Amino acid sequence: MVDAITEFVVGKIGNYLIEEASMFMAVKEDLEELKTELTCIHGYLKDVEAREREDEVSKEWSKLVLDFAYDVEDVLDTYHLKLEERSQRRGLRRLTNKIGRKMDAYSVVDDIKILKRRILDITRKRETYGIGGLKEPQGGGNTSSLRVRQLRRARSVDQEEVVVGLEDDAKILLEKLLDYEEKNRFIISIFGMGGLGKTALARKLYNSRDVKERFEYRAWTYVSQEYKTGDILMRIIRSLGMTSGEELEKIRKFADEELEVYLHGLLEGKKYLVVVDDIWEREAWESLKRALPCNHEGSRVIITTRIKAVAEGVDGRFYAHKLRFLTFEESWELFEQRAFRNIQRKDEDLLKTGKEMVQKCRGLPLCIVVLAGLLSRKTPSEWNDVCNSLWRRLKDDSIHVAPIVFDLSFKELRHESKLCFLYLSIFPEDYEIDLEKLIRLLVAEGFIQGDEEMMMEDVARYYIEELIDRSLLEAVRRERGKVMSCRIHDLLRDVAIKKSKELNFVNVYNDHVAQHSSTTCRREVVHHQFKRYPSEKCKNKRMRSFLNFGKLEFLVGFDVETLKLLRVLDLRRLRFPLKINGDLIHLRYLGIDGYSFSDRAAIISKLRFLQTLEAYSGYPIEETIDLRKLTSLRHVIGKFAGELLIGDAANLQTLRFISSDSWNKLKPELLINLRDLEIYGDYDKDFDRRVSVSWASLTKLRSLRVLKLYYLRLESEEAVRSTDVISPSLESVTLEGITFEEDTMPFLQKMPRLEDLILIGCNYSGGKMSVSEQGFGRLRKLQIFIYIDELQIEEEAMPNLIELKIASREVKKLIIPNRLRACMSYES
């Protein structure tokens, strides 16, 4: 594991030597020497960690290397900080810069001399105790592009989840769900040990076409071992999709009892399905059941749990279903689907080796898919090596193979993927992880290196998809063939937490105690109540990241002035006066609520090297936000009702939401990398009084993939309409509350890559919309919720459409090919 940290630090030294060459000129030779020594030690670490069992001497030596690597990072980041602070001084203080720089240079030279003595001592200890055998470091230079190309070849694209061995279980439970005789609320409990596939089975049922047609109101929530009733209720309310953003922000402040009443009111008189995933205590169900009406509409609740007493402890009418282990034949079928993707010829010896390993998995699906993911990237000759490694680690049949398989799979990862996996330990148990947010965090942490061929975000996505491909991470939601959210199984999360603790990588605080008590941990995470977070931790000068996943709290203050090396600061759900007097020059990610603290505009404008600003809130930010000096910005997310000033935005990829007034003042041709854009107008104004936005300004965004426009007038100029191809990179368009002067279909169907088109509540007086025979060649999803007299789709149009949703009361006449009626559904 330590090799992931050392390789990261070696890369960081290299980046400083290249990108900040002038700053580090005085210590260039010393740094290059340190880099060389650390690279060599990294080779020995790889050998140590390849062993089945590390001896105590090797463990202690690895810890010395870990501490050394972290100290190198601290020295470099601190020196960089001092030089940047001096460069920003004005007036008389600037006169002292020359002397100050010399003092800083002498100081860092002394620090590096100490580091050099330490690394020589580490090398001597390795030689004295005969630790490791040198492995040649792999080729120099930036290899991220090569690695990603290898990933792209190995990765299976948009692989659908296949539930093997649970077909009979799914059939039995589906009959229970759709039983028309049962009019009362009925509970289905699925129970069994971790890794058997309880959640996968529940999700298969939840996403069943028959279930979607039967239950108009569906919701999914998770509980886990450490839960808050209010959080569970809020997840159900959000999942139902019946509550506006403003209303959600208001009810977040409700007490648990008020949320119960609110949810009960939403579901009263409705036929609903609620899935409650991963319950550990009967008390958790007792808290929930009051909010779920016992009506006579035929509603259903699905519960998953590891504990039989919980499954059978629900009151009312219920059915408890125990999941079994897979048979060997089912295990082999599951294994074959994943393990042989890159192997053309399967000889008898390979099959024999595979079956021996599958037999040891004892029918546990999670263990089987992780093993298959590991072997799918191995050549046939390497399968025997994995098999032999398993046998050496297994002392006897009493030891379950799953933890060993998980560990082997982790050790096989490249260092960037190891860091990605370890970073998953920041998220609460059963948490549905927004993939784009995870990518932004990984980039901000400095774990990802891009180059002239690929953006860092694309590289990060491929590393995450490698984890999914290896079954170390589960894809939950996909859009347009891309994974949009994911979840880590709690057994694998335990592995990530254990390894993060050993590396002093992440420290998580919950309601009870920290997972470990280090005072120098690099990343601090709060999962429940911030007020229980020890105050002395706020003074940890080595801290690189602070993230809060806890409940809404009002605090006296949180002083980040001492946390000069912070790269990630996520303060959402915390309300307090924030003090930032100087520059946090290392800060790359700032997450706040729209009203987390006062004077936010002035604070944000100081963060010159910020890459991501996420200002989530149900309420808009009214003041002017000046981002013109923040030239490194890559993602700006928030509801900016006031003026949003953007300068050099060549790096900007995400911009949402920006007001139509602010958008019209920008120069779109400068946004050369913008991929995701959301513009909103004024909901309260009449259609004819809303601000206009021209399509011409949008067609200048050559990299744009996702476009969402709300409550504004859309002008499509003749020059744009006459163009054969419009917005060639656009994949998804959502138009809500937009005023059209004419039928937009002939215009929109000129977008060659468009896959999703959603029209909601738009104002169009033309009466008829038509799609020509050659229209929308790639479109997969079409939703129309606007008043029109007629929708006509020609016979050859939309050859790839798989989802068509139409408002039953708003489209009066429908002329479409019969093949499209099979994928059509009406929404009331």
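Let us look at the structure shown here. Fair warning: this is a prediction, and the values are worked out from it, not measured in the lab.

Attention now moves to the nonpolar core. Ranked by size, the top nonpolar core spans 139 residues in total, and within it Phe-335, Phe-421, Ile-448 and Phe-505 carry the most contacts. Counting 84 residues, the second-largest nonpolar core is a separate cluster that includes Leu-566, Leu-574, Leu-701 and Met-745.

Attention now moves to the side chain of Asp-743. Considering the arrangement of structural elements, one finds Asp-743 in the loop between strand S28 (739-740) and helix H27 (745-748). The buried charged residue Asp-743 lacks any salt bridge partner; its closest oppositely charged side chain belongs to Lys-768, at an N-O distance of 8.1 Å. A polar side-chain atom of Asp-743 sits 3.0 Å from the main-chain amide nitrogen of Met-745. Here the side chain of Asp-743 touches Ser-770 through a polar contact of 3.0 Å, landing on its backbone nitrogen. In this structure, Asp-743 is in contact with Tyr-764, Lys-768, Met-769 and Ser-770, ignoring residues within four places of it in sequence.

In this section: the sheet that holds strand S8 (residues 482-487). In space, the three strands of this open sheet follow the order S6-S8-S7, with antiparallel pairing throughout. Every other strand in the sheet has two partners, leaving strand S6 (433-434) and strand S7 (474-479) as the edge strands with one partner each. As paired strands, S6 and S8 are joined by two bridges and run antiparallel to one another. Bridge pairing links Ile-433 to Cys-486 in S8.

Here the focus is helix H15 (residues 348-360). Under the 1.5 Å per step criterion, the end-to-end length of H15 is 19 Å for 13 residues, consistent within 8% with the ideal 18 Å. Residues of H15 that are buried: Leu-350, Leu-351, Thr-353, Gly-354, Met-357 and Val-358. One side of H15 holds all its buried residues, which, seen down the axis, span an arc of 160 degrees. Exposed positions of H15 whose direction lies more than 90 degrees from the buried face are Glu-348, Lys-352 and Gln-359.

Turning our attention to the sheet that holds strand S33 (residues 788-793). Strand pairs in the sheet, formed through backbone hydrogen bonds, run parallel or antiparallel to each other. With respect to topology, three strands assemble into an open sheet ordered S31-S33-S35, the strand pairing being parallel. Edge strands, defined here as strands with exactly one partner in the open sheet, are strand S31 (768-771) and strand S35 (811-815). The sheet shows a mean angle of 15 degrees between the axes of neighbouring strands, taken without regard to direction. Bridging between S31 and S33 involves four bridges; their strand directions are parallel. Each bridged residue has a counterpart across the sheet, and for Val-771 the counterpart in S33 is Ile-793.

Our focus in this paragraph is the environment of Arg-656. Mapping Arg-656 onto the fold places it in strand S22 (residues 654-659). A C-alpha to C-alpha distance of 7.0 Å links Arg-656 and Lys-639, two positions 17 residues apart in sequence. With near-sequence residues (within four places) excluded, Arg-656 lies in contact with Arg-440, Val-636, Ile-637, Gly-638, Phe-640, Asp-676 and Glu-678.

According to the stated counting rule, one finds 18 aromatic pairs in the structure shown. Relative to Tyr-262, the ring of Phe-254 has its centre 6.4 Å away and its plane inclined at 75 degrees; by these criteria the two rings are edge-to-face. Overall, Tyr-262 belongs to the buried group, its relative accessible area being 19%. For the ring pair Phe-427 and Tyr-431, a centre distance of 5.6 Å and an interplane angle of 20 degrees mean the geometry is stacked. On the basis of relative accessibility, which here comes to 2%, the residue Phe-427 falls in the buried class. Linked through ring pairs, Phe-8, Tyr-423, Phe-447 and Phe-505 together constitute an aromatic cluster. Lying over the aromatic face of Tyr-319, Lys-176 brings its terminal NZ or CZ to 4.7 Å of the ring centre. If you follow Lys-418 out to its NZ or CZ, it ends over the ring of Phe-410, 5.7 Å from the centre.

A few words now on unusual backbone geometry. With omega at -15 degrees, the peptide bond leading from Arg-656 into Phe-657 counts as cis. Even without being a glycine, Asp-278 presents a positive backbone phi close to 65 degrees. You can see Asp-278 is positioned in strand S3 (residues 272-279). Note on Asp-278: relative accessible area 7%, which makes it buried.

Criteria and cut-off values
Sequence order as written defines residue numbering, which begins from 1 separately in each chain. Owing to the predicted nature of the model, reporting of local features is limited to residues with pLDDT of at least 70; listing and counting of side-chain atom pairs is limited to 80 or more, with chain, interface and lining totals taken over all residues. Think of the side-chain values as coming from all heavy atoms in the structure, minus any hydrogens and water. Residues belong to a common nonpolar core when they are buried Ala, Val, Leu, Ile, Met, Phe, Trp, Tyr or Cys residues joined through side-chain atoms within 4.5 Å. For every residue, the accessible area (1.4 Å probe, protein chains only) is compared with the maximum for its type, and the residue is labelled buried under 20%, exposed over 50%, or partly exposed between those bounds. Secondary structure is summarised from DSSP: a helix means a run of H or I of at least four residues, a strand means a run of E of at least two, and numbering begins at the N terminus for each. Asp and Glu are treated as the negative residues and Lys and Arg as the positive ones, with His and the ends of the chain left uncounted. Salt bridges are defined as contacts in which a side-chain nitrogen from Lys or Arg sits within 4 Å of a carboxyl oxygen from Asp or Glu. Whenever a nitrogen or oxygen atom comes within 3.5 Å of another N or O atom, the pair is scored as a polar contact, on the condition that within protein one atom can donate a hydrogen and the other can accept it, and that pairs from neighbouring residues in sequence are kept only if both atoms are in side chains. We call two residues in contact whenever any of their non-hydrogen atoms come within 4.5 Å of each other. Two strands qualify as a pair provided DSSP detects at least 2 bridges between them. The span expected for a helix works out to 1.5 Å for each residue beyond the first. By arc we mean the arc of the directions from the helix axis to the C-beta atoms, nothing more. Orientation is described by axes fitted as lines to C-alpha atoms, over the contacting stretch for helices, and by angles from 0 to 180 degrees between their N-to-C directions. Each pair of aromatic rings taken from Phe, Tyr and Trp, with Trp reduced to its six-membered ring, is defined by centres within 6.5 Å and is described as stacked if the planes are under 30 degrees apart, edge-to-face if over 60, and tilted in the remaining cases. Think of it as a cone above the ring: NZ of Lys or CZ of Arg counts as a charge over the ring if it is within 6 Å of the ring centre and within 35 degrees of the ring normal.

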